[in-house]
Amino acid sequence: MSLLAAIGLTVTKLVVGLTTDSLGILAEAVHSGLDAVAALLTLFAVTVAERPPDRKHQYGHGKAQHLGALTEAVVLAAAAVWIGFEAIGRLTSSGGGGVEAAWYAFLLLGGVLVVDAARVSVSVRTGRRERNAALLANAWHFASDFAGTTAVLIGLVLVSAGYPRADAIAALAVAVLVLFAAARLAAINVDVLMDRAPSGLPGLIERAAEGVPGVSEVRSVRVREAGGESFADVVIGVSRLEGLERSHATMDEVEDAVRSRIGPAQVTVHVEPTTAGEAANERVAAAALRVPGVVETHNITVLEDSAGGRAITLHVRLPEGMTLREAQKTVELLKREIRSEFGVAKVYAHVEPFAPDAQPARDVVATEPEIAAEAEQAVRAVAGGEPEVVVYRQGDRLVVVTSIRSRPDLSVREAHVLASRVEDAVRDAIAAVDDVIVEVVTEAPD
């Protein structure tokens, strides 16, 4: 529609300008001719920009819009310079030009104003809705048309009132307006092509990322725009103990939060470990994650004496097939990592075997009923009530598993003390037991 309108206006303005010898109208004819070229460029740029990403253009083709808009700015500037030279030539000549202010010239300019206003309105609405730089560039172009036509109309009114040089002055005003529009258009699109960060957008992205649970800090934000879409790179700090799956989930949540704040965007999130807010035992666990061969650590205790010295005790799970010599090397490496976290510290590690695969087990209630009865009696002596007690044989290992009930207002520490008492009672009753697992639940579970 813009292309057809520009061609029609160019032909009409050219005919009227030649018949009236009005430089202002001829300048507008040139301007409209450039509109036709610009509309053609915009049509091509928008068509290219809508293509999906491919192997050679992995970020898409959105910058074609800005290249088209920049080309349009160059064409506008060239036209403004030509119009300006012609206007100055007429102003410096002795006659000032024999312009005929015919009635049909006024009728033409009135119709042009209506068409330009409609084109500006449609281009602005569509460009903003689609975040399309090429269409917004056309809107600026059409707005400069409207302003230029208004100046020419005023010039013709003054010519008819007896001021012959007013037409050349109007043409000069058109040149200035077009040059201003070209400069602004070039500046906007050069910023995009140079990946200048849009004003205020990095701050919006940072605040959106900071509001995501699990994000300890936002370390950097980089953002650029192309083809109506934002591209953001966000670096966040996440606790070292979050694990891969939880960290990945946090990254997804940050991406969603950024898009909900700024609109369509391709967001890349990079996670870095942070120690912010970590307790001492969490720092020990984090240090253990850096040691190859360590499967898991638990029962971590940090002890401080009156002289300010610090000792750390912990349980370490290592692969059960590892030799003692290999285990000792792994534990020594673990101790060095822990000391690097805390400075000088005594570290005592209790090693436990870890079997990576599930092993078959059987309930011994039918084959060894006396052991099952002893285990149940030992548990009941401490916990009371009707506890669930199961005794398993897992190869050569004897494992007692029990679930006992207690008051819901019991603290976790008190529950652990109760579980330890049950464990000790079972071990006292059954010397051959290898492991005792005690689960403490409330009397009225939710």
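Structure: see above.
Model, not experiment: these values are computed from the prediction.

What the protein chain contains, in helices and strands, is twelve helices and ten strands. Counting only contacts in the protein chain whose residues sit at least 6 apart along the sequence, the fraction spanning at least 24 positions is 67%. Accessible surface, the protein chain as shown: approximately 24100 Å² in total, 59% of it carbon and sulfur.

Our next topic: the environment of Arg407. Residue position: Arg407 is located in the loop between β9 (397–406) and α12 (412–429). By relative accessible area, which is 45% here, Arg407 ends up partly exposed. For the pair formed by Arg407 and Val441, sequence separation is 34 residues and the distance between their alpha carbons is 8.3 Å. Only 3.0 Å separates the side chain of Arg407 from the side chain of Asp409, close enough to count as a polar contact.

Turning our eyes to something else, we now look at the sheet that holds β9. In spatial order, the strands read β7-β8-β9-β10; together these four strands make up an open sheet with mixed pairing. The outermost strands of the open sheet, each flanked by one partner alone, are β7 (362–363) and β10 (435–442). Judged from the two bridges that link them, β7 and strand β8 (residues 388–394) form a sheet pairing that is antiparallel. Looking across to β8, one finds that Asp363 is bridged to Tyr392. Most of the contacts of helix α11 (residues 369–383) go to β8, to which it runs at about 140 degrees, and overall it touches β8 and β9. Along the sheet face, α12 touches β9 and β10 and points at about 140 degrees away from the line of β10.

Looking now at the packing of aromatic side chains. Counted by the stated rule, this structure contains zero aromatic pairs. Here the guanidinium or amino end of Arg224 rests over the ring plane of Phe231, the centre of that ring lying 4.5 Å away.

An ideal rise of 1.5 Å per residue puts 40 Å on 28 residues; helix α4 (residues 103–130) measures up with 41 Å between its terminal C-alpha atoms. Residues of α4 that are buried include every one of Ala105, Leu108, Leu109, Val112, Leu113, Asp116, Arg119, Ser123 and Gly127, and no others.

Right, let's get into the pairing of strand β2 (residues 229–239). One face of the sheet, then the other: side chains in a regular strand alternate in exactly this way. With eight of eleven residues buried, β2 lies mostly within the body of the structure. Across ten bridges, β2 lies against strand β3 (residues 265–274) in parallel orientation. In the strand pairing of β3, Ser239 is matched with Thr274. Between β2 and its parallel partner β3, the chain crosses via helix α8 (residues 243–262), and the hand of that crossover is right-handed.

Each value, and the rule that gives it
- Residues numbered from 1 in each chain as written.
- Predicted model: local features only at pLDDT ≥ 70, side-chain atom pairs only at ≥ 80, totals over all residues.
- Heavy atoms only, no water.
- Helix = DSSP H or I, 4+ residues; strand = E, 2+ residues; numbered from the N terminus.
- Contact = heavy atoms within 4.5 Å.
- Areas by Shrake-Rupley, 256 points an atom, 1.4 Å probe, with all protein chains shown as cover.
- Buried < 20%, exposed > 50% of the residue type's maximum accessible area, 1.4 Å probe, protein only.
- Polar contact = N/O pair within 3.5 Å; in protein donor to acceptor, adjacent residues only side chain to side chain.
- Pairing = 2+ DSSP bridges.
- Axes fitted to C-alpha atoms, helices over the stretch in contact; angles between N-to-C directions.
- Phe/Tyr/Trp six-rings, centres within 6.5 Å; stacked < 30°, edge-to-face > 60°.
- Lys NZ or Arg CZ within 6 Å of the ring centre and 35° of its normal.
- Expected span 1.5 Å × (residues − 1).
- Right-handed = clockwise from strand over helix to strand, strands pointing away.

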